[in-house]
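# Observations on the three-dimensional arrangement
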Amino acid sequence: MVERKIRVLVGKPGLDGHDRGAKIVASVLRDHGMEVIYTGLHKTPEMIAEIAVQEDVDVVGLSILSGAHMELFPRVRKALEERGLGQVLLVGGGIIPKDDMRELEREGFAKLFGPGTKTDDIANYITDEMSRRWAKEGADV
Amino acid sequence: MSTSTDGASIVTAVNPREMWATAMAAGKVRDVEFTTLSGEPVQPLYGPEDASVDYERDLGWPGQFPYTRGVHPTMYRGRLWTMRQFAGFGTARETNERFKFLLDHGQTGLSTAFDFPTLMGRDSDDPMCRGEVGQVGVAISSLRDMEMLMDGIPMDRVSTSMTINGPAPILLAFYIACAENQGVDPKVTRGTLQNDILKEYQAQHAWLVPPEPALRMITDVMSYCAEHVPKFNTISISGYHIREAGSTAAQELAFTLANGMEYVRRGIAAGMDVDEFAPRLSFFFDSHVDFFEEIAKFRAARRIWARKMRDEFGAKDPRSWMLRFHTQTAGVSLTAQQPENNIVRTAFEALAAVLGGTQSLHTNSMDETLSLPTEKAAKIALRTQQIIAEEIEVTNVVDPLAGSYFVEAETNRLEAQAEQYFLEVEQRGGVVPAIDAGYFQREIHNSAARYQRAVEAGRKRIVGVNSYVEDEGDGPEIEVHRIDPETEREALAGLRDLKRTRDGAAVERELAAVRETCHDGSNLLERFISAAHAYCTVGEIAQVLRDEFGEYREPKIL
């Protein structure tokens, strides 16, 4: 059996130009054997969801350091749902106060990663979560 | 060993330095990586032979070529650095209050942070901007907002720094128009416009149009201001964002100066005499946590710039040779974990900037990895500078670390590395072609990734992150400054009101004139000032520029 590769979209919604973290995470996930698509900067939630559809991704990871996460993160989730991608593993990171992280996790984000997170922890989280999901899908079939 | 005539035994055959080296090699050393923060190997000790310096040629005296020791003869005995805390959030009205608070607490200059919509040349009511209005800085859509921002602040006496790049000439136009409306002659206004578009493509990414038209607007600003706003620094050539995006100290130094030289070439190519505009160029560097590497970087920057300006560009006015700079402590060095420790990091970084001879300084607040600073955190950050200035006696002596074998060796090393990078850039056809090829972007990303690996492997330590870690659980964190959702509504209401009450025909006329000026080669800043007086918005003017010059697309590097 060919090992299925996890496909990840790393997205930068909004006007925020801070891409150091997003690009590092993207390259680390690639080092962990995932197929990674990076959206580039200044994307609207709808543009990100469109790319997610075209690229048929399993995971969407968003990064915002501009404080606009409570507006833009839920809009990405909604745009994904509207395009039938409500099931993707949705994660995010950036300058996000803990209260906001908890609220986003209640609103359908699987996990939020704050400053100081080890990039390997992000990769391992995604790998574990996707293996769990795929094992469950396999069992369901 | 030999025996001297008086019979005492003395050492002659063994060189003392070699003796030390032997003892060092035999000694036990801690199992850590002895490199600078940028990953450069450092020796355990530096001696006279490691720091080859010709005093007059390489150091000189303060206020004299090549300014390694500082740009003023008196340095901080004459005048302390300007304590310039970057501030801005919410609406113009809210930031105006914060400005007055900072001035009341002894701050000596203003520094404006704009929100992302303004930085990207968009109005608060643009659909792209929902959720971003007033978040990371103040929302300024028109002259009316600028008037509110500067309300009650004497524009003839306070110097104002404006951190904006893509639409910088438009915001400068608002500022000039605002001064005129306050009855202040723009000739006396002082301040600094960041206006450094090259590093936007390289690192910070708040651009408006492609490099060539952007550079033309910059030369328009330089030539207009040389005549009409002579006390304004027209560009603050910035390494800060390059470093924060992940570069090493040497890359920050080299890329910044390479950009500076590009602006000089453009100014000369536009027909100006180098001494007409070069004295108004200023610089902006990061001060990171590697104390000595940073001090050496500031000293090297002054020396390189002086040499380039005099010897390569033929500048004759000593003010064109002097590299004057603002410093900000390293935002990326702050940790979300145990945030109070950030006060200590910032204090060390600020001290390095002062020992490196900075002209102005921003100290970060401890809570900036979580949100914009609270008033309390912002005050501690300002007090940190005041303690350095007034308590610890470091301002008595000019360039006190000159002659340190280590600091001089590091200064030499950084200058040599910068020269290597200048060659790399030249081989790629210059700064703009190197941007188009993604050269700087890739270099910065690779350095960021290397550093991240070093931290994760524990080779570089960060207290609270990979050393002395505490389980912080979901417990309470320090107080967070939140932007009132009312802000966006207030900004939108203001803009609606403006659009209803201004003279629509005048707006149309002015925007048409901007469009024409894009192509007829006359001065765009002059045109923007006229448009500002008609209350054209930043988004409207920027849209004309995007229509006429096109939008910038970043090269893919990943």
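This report concerns the structure included in the present document.

To continue, consider the overall build of chain B. If you tally the helices and strands in chain B, you get 23 helices and 12 strands. Here the C-alpha atoms of chain B give a radius of gyration of 25 Å, agreeing with the 24 Å that 2.2 N^0.38 yields for 558 residues. Overall, the C-alpha framework of chain B stretches about 105 × 60 × 50 Å when taken along its three principal axes. The proportion of buried residues among the 558 residues of chain B is 59%. A separation of at least 24 residues holds for 77% of the contacts in chain B among residues at least 6 apart in sequence. For chain B, the exposed surface amounts to about 22,400 Å²; the carbon and sulfur share of it is 52%. In chain B, which carries 58 positive and 82 negative side-chain charges, the distance between the mean positions of the two groups comes to 1 Å.

Residues and elements named next belong to chain B. On the secondary structure map, Asp-196 appears in the loop between strand 7 (191-193) and helix 8 (198-204). Here the side chain of Asp-196 touches Tyr-263 through a polar contact of 2.4 Å, side chain to side chain. When near neighbours in sequence (up to four residues on either side) are disregarded, Asp-196 contacts Asn-165, Ile-235, Ser-236, Ile-237, Ser-238 and Tyr-263.

Our focus in this paragraph is the nonpolar core. For soluble globular proteins, the rule of thumb is that nonpolar side chains tend to be buried together. Ranked by internal contacts, the top residues of the largest apolar core, which has 164 residues, are Ile-126 of chain A together with Leu-545 of chain B. Among the elements that line this core, the one with the most residues is helix 7 (residues 168-181) of chain B, at 11 residues. With residues up to four places along the chain from it excluded, the contact list for Leu-545 of chain B reads Ile-170, Leu-208, Val-209, Met-217, Val-514, Cys-518, Phe-528 and Gly-550 of chain B. Val-60, Ile-64, Leu-90 and Met-101 of chain A belong to the second-largest nonpolar core, a separate cluster that totals 24 residues.

Moving on, we come to the interface of chain A and chain B. Across the boundary between the two partners, chain A contributes 35 residues, which contact 43 residues of chain B. Of the roughly 3,100 Å² buried where chain A meets chain B, counting both sides, 53% is carbon and sulfur surface. Inspection of the region where chain A meets chain B yields 2 salt bridges. Across the pair Glu-71 of chain A and Arg-130 of chain B runs a salt bridge whose closest N-O atoms are separated by 3.4 Å. Linking chain A with chain B are 11 residue pairs in polar contact (both at pLDDT 80 or more), by the criterion used here. Looking at the side of chain A that touches chain B, the elements with two or more residues in it are helix 1 (20-31), helix 3 (69-82), helix 4 (98-106) and helix 5 (119-140) of chain A. Per-element accounting of the side of chain A that touches chain B gives the leading share, 6 residues, to helix 1 of chain A. Partitioning the side of chain A that touches chain B into residue classes produces 10 nonpolar, 12 polar and 13 charged.

Our next topic: helix 20 (residues 486-501) of chain B. Residue and element names in this part refer to chain B. For helix 20, which comprises 16 residues, the first-to-last C-alpha distance of 22 Å matches the rise-based estimate of 22 Å (1.5 Å per residue) to within 8%. Three or more residues of helix 20 are buried, namely Thr-487, Glu-488, Ala-491, Leu-495 and Leu-498. In an axial view of helix 20, the angular spread of the buried residues amounts to 95°, which keeps them on one side of the axis. Those residues of helix 20 that are exposed and aimed more than 90 degrees away from the buried face are Arg-496 and Arg-500. The inward-facing, buried residues of helix 20 contact helix 4 (92-104) and helix 6 (143-149).

Residues and elements named next belong to chain B. It is the contact of helix 11 (residues 249-269) with helix 17 (residues 405-427), at a shortest axis distance of 9 Å, that shows an interaxial angle of 55°. One element, helix 11, and the other, helix 17, form an angle in the oblique class. Crossing of helix 11 against helix 17: the hand is right-handed. Across the interface between the two elements, Ala-249, Ala-250, Gln-251, Leu-253, Ala-254, Phe-255, Leu-257, Ala-258 and Met-261 of helix 11 pack against Leu-414, Gln-417, Ala-418, Tyr-421 and Phe-422 of helix 17. Class assignment of the residues belonging to the contact of helix 11 with helix 17 gives a composition of 12 nonpolar, 2 polar and no charged.

Residue and element names in this part refer to chain B. Within the structure shown, the criterion is met by 22 aromatic pairs over all chains. Measuring from centroid to centroid gives 4.9 Å for Tyr-55 and Trp-61, while their planes differ by 55°, and the two rings are tilted. Taken together, the aromatic side chains of Phe-283, Phe-285, Phe-298, Trp-305 and Phe-325 make up a single cluster linked through ring pairs. Residue placement shows Arg-310 over the ring face of Phe-65; its charged tip is 3.6 Å from the ring centre.

Okay, a nonpolar patch on the surface next. Residues Met-24, Val-29, Val-32 and Phe-34 of chain B make up a contiguous nonpolar surface patch of about 310 Å² in total accessible area. Summarising the element assignment, Met-24 of chain B is placed in helix 1 (residues 16-26).

A few words now on the sheet that holds strand 2 (residues 35-38) of chain A. Strand-to-strand pairing in sheets goes through backbone hydrogen bonds, with the strands running parallel or antiparallel. Residue and element names in this part refer to chain A. Here 5 strands make up an open sheet; going across it, the order is 2-1-3-4-5 and the pairing parallel. Every interior strand has two partners, whereas the edge strands, strand 2 and strand 5 (111-113), have only one. Pairwise comparison of adjacent strand axes, ignoring direction, gives a mean angle of 20° for this sheet. Bridge analysis of strand 1 (residues 7-11) against strand 3 (residues 59-64) gives 4 bridges, and the strand direction is parallel. For Val-10, the partnering residue across the bridge sits in strand 3 and is Gly-61. Sitting on the sheet, helix 2 (residues 45-55) touches strand 1, strand 2 and strand 3, and the angle it makes with strand 1 is about 165°. Sheet strands touched by helix 3: strand 3, strand 4 (89-94) and strand 5. Its angle to strand 3, the strand with the most contacts, is close to 160°.

Two side chains bearing opposite charge may form a pair once their charged atoms approach each other closely. A full pass over the atoms with the stated rule returns 50 salt bridges over all chains. Asp-99 of chain A is the salt-bridge partner of Arg-102 of chain A, the closest N and O atoms lying 2.8 Å from each other. A residue pair is termed a helical-turn pair when its members lie 3 or 4 positions apart in one helix, as Arg-102 of chain A and Asp-99 of chain A do in helix 4 at 3 residues. With relative accessibility at 28%, the residue Arg-102 of chain A sits in the partly exposed group. Residue classification places Asp-99 of chain A among the partly exposed residues on the basis of a relative accessible area of 46%. Each of Arg-57, Asp-58, Arg-303, Arg-307 and Glu-415 of chain B takes part in a single network of salt bridges with overlapping partners.

Conventions we followed
- Residues numbered from 1 in each chain as written.
- Chains lettered and ligands numbered in written order.
- Predicted model: local features only at pLDDT ≥ 70, side-chain atom pairs only at ≥ 80, totals over all residues.
- Heavy atoms only, no water.
- Helix = DSSP H or I, 4+ residues; strand = E, 2+ residues; numbered from the N terminus.
- Rg over C-alpha atoms; globule rule 2.2 N^0.38 Å.
- Buried < 20%, exposed > 50% of the residue type's maximum accessible area, 1.4 Å probe, protein only.
- Contact = heavy atoms within 4.5 Å.
- Areas by Shrake-Rupley, 256 points an atom, 1.4 Å probe, with all protein chains shown as cover.
- Lys, Arg positive; Asp, Glu negative; His and termini not counted.
- Charge placed at Lys NZ, Arg CZ, Asp CG, Glu CD.
- Polar contact = N/O pair within 3.5 Å; in protein donor to acceptor, adjacent residues only side chain to side chain.
- Core = buried A, V, L, I, M, F, W, Y, C linked by side-chain atoms within 4.5 Å.
- Buried area = accessible area lost by both parts, 1.4 Å probe.
- Salt bridge = Lys/Arg side-chain N within 4 Å of Asp/Glu carboxyl O.
- Nonpolar A, V, L, I, M, F, W, Y, C, P; charged D, E, K, R; others polar.
- Expected span 1.5 Å × (residues − 1).
- Arc of directions from axis to C-beta.
- Axes fitted to C-alpha atoms, helices over the stretch in contact; angles between N-to-C directions.
- Parallel < 35°, antiparallel > 145°, perpendicular 65-115°, else oblique.
- Left-handed = near helix turned anticlockwise from the far one by under 90°.
- Phe/Tyr/Trp six-rings, centres within 6.5 Å; stacked < 30°, edge-to-face > 60°.
- Lys NZ or Arg CZ within 6 Å of the ring centre and 35° of its normal.
- Patch = residues over 30% accessible without salt bridge, like charges linked within 9 Å, V, L, I, M, F, W, Y side chains within 5 Å.
- Pairing = 2+ DSSP bridges.

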